[in-house]
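# An overview of the molecular structure
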Amino acid sequence: MKKIAMGPILEDLYYNDFNYVLLKYQLTYGEVLGILENYISNEYLDTRLDYYRKLLKRKKIFTSIKANRVGIISDTHIGNSKTRWDYIEAAYDFFYYNDIEVVLHLGDLLDGFQKNDNVQTEVEKVRPYFQEQLNDFQMNYPQKIFTYILLGNHDERFRHFGFDLFKELPALNKKVCVLAYGGYRFQINDHMFYLSHPIQNVYCVLNNGCELSLRGHSHYFEYDARRKLFRLNTCSDAHPNPATADYELAGGFSVLSFPKKRMCFENYSFYHDDIVKSLCLKL
């Protein structure tokens, strides 16, 4: 996707209604907030900055829940030849039988269509790819536990042809909620997390004020203490990352819990069938 120019959007935000901008530029709520946050953060010499700050404060959104144990998965890549429905089902079975109250999906729920499929320009050629993946999702995606979904770069490919996953996915599965493209603030028990999945040329909200970032896309487990960034592994065998050559970094999922003023992550590997890494941070 070619990155949209900020200038005309900012101009319209100043002179027109917020919803008018959403419709005119076919952007999501989160993307318009991302444009505002990116512009304000650069501290341009602009007499409209105070207006933009007030607008952002009025429009800023995030989701807040209370939960003791949260399941986290990412990069299921439904529609890829290496989609692992057995992984997905096993993860949700584990969540269900281990008192997980809610699940976060950190992006690339669907695999999209590949650039070498030569179907980028014709909607009717893309539609079978999209419909097949939606059918797989409807028929097979677990409904045991409510899931919040952040959309990733593979999911985002469909929007160029008018497909709206914000509407399509909840219509097919009542136990899901689609949050945003690429970035979203998510509060759990008064702790603010930044959910992220990099998407080229897509504006999203920043991680301002967040204690920890939870990121999909990388396909491997890692905690970067300097950046306060936790990368989550893939829940499929699709698009392997060279870092996953180690069995401890094979496909898996994570559990986030909050025991005794701590924030703990347990990372599970399907290959190892056990916890392969754990991390506890003091709150």
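These numbers come from a predicted model, not from an experiment.

### Some words on the overall build of the chain
Each helix and strand counted, the chain has eight helices and 13 strands in total. On C-alpha atoms alone, the chain measures out to a radius of gyration of 19 Å, which is about the 19 Å that the 2.2 N^0.38 rule sets for 283 residues. On the principal axes, the C-alpha backbone points of the chain span a range of 55 × 50 × 35 Å. Split into buried and exposed, the 283 residues of the chain put 54% on the buried side. Summarising the internal contacts of the chain: among those between residues at least 6 apart in sequence, 63% fall at separations of at least 24. With an accessible surface of roughly 13900 Å², the chain has 48% of that area assigned to carbon and sulfur atoms. Distance between charge centroids for the chain: 7 Å, based on 34 positive and 35 negative side chains.

### Some remarks on the pattern of salt bridges
Oppositely charged side chains may form a pair once their charged atoms are brought near each other. Under the defined criterion, the tally for this structure stands at 13 salt bridges. Between aspartate 93 and lysine 144 there is a salt bridge, with its nearest N and O atoms 3.2 Å apart. Taken together, the positions of aspartate 93 in helix α5 (residues 85-97) and lysine 144 in the loop between α6 (123-140) and β4 (147-151) put the pair 51 residues apart, joining distant regions of the chain. When salt bridges with common partners are traced through the structure, they connect Glu11, Asp46 and Arg48 into a single cluster.

The rules behind the values
Residue indices follow the written sequence of each chain, beginning from 1 at its first position. Residues qualify for local features only when their pLDDT is at least 70, as the model is predicted, and side-chain atom pairs are given and counted only at 80 or more; totals for whole chains, interfaces and linings, by contrast, use all residues. Only hydrogens and water are removed before side-chain values are computed, so all heavy atoms of the structure are retained for them. Strands here are runs of E lasting at least two residues and helices are runs of H or I lasting at least four, both read from the DSSP assignment and numbered beginning at the N terminus. With C-alpha atoms as the basis for the radius of gyration, the globule rule is written as 2.2 Å multiplied by the number of residues raised to the power 0.38. Think of it in three bands: residues with accessible area under 20% of the maximum for their type are buried, residues over 50% are exposed, and the middle band is partly exposed, with areas taken using a 1.4 Å probe on protein chains only. A contact between two residues is defined here by any heavy atoms of the two lying within 4.5 Å. What sets the accessible areas is the Shrake-Rupley method with a 1.4 Å probe; for residues, cover comes only from the shown protein chains. Only four residue types enter the charge count: Lys and Arg as positive, Asp and Glu as negative, with His and the chain ends excluded. By convention, the point assigned to a charge is CZ for Arg, NZ for Lys, CD for Glu and CG for Asp. Whenever a carboxyl oxygen of Asp or Glu lies within 4 Å of a side-chain nitrogen of Lys or Arg, that contact is scored as a salt bridge.

Keep in mind these values describe shape, not function.
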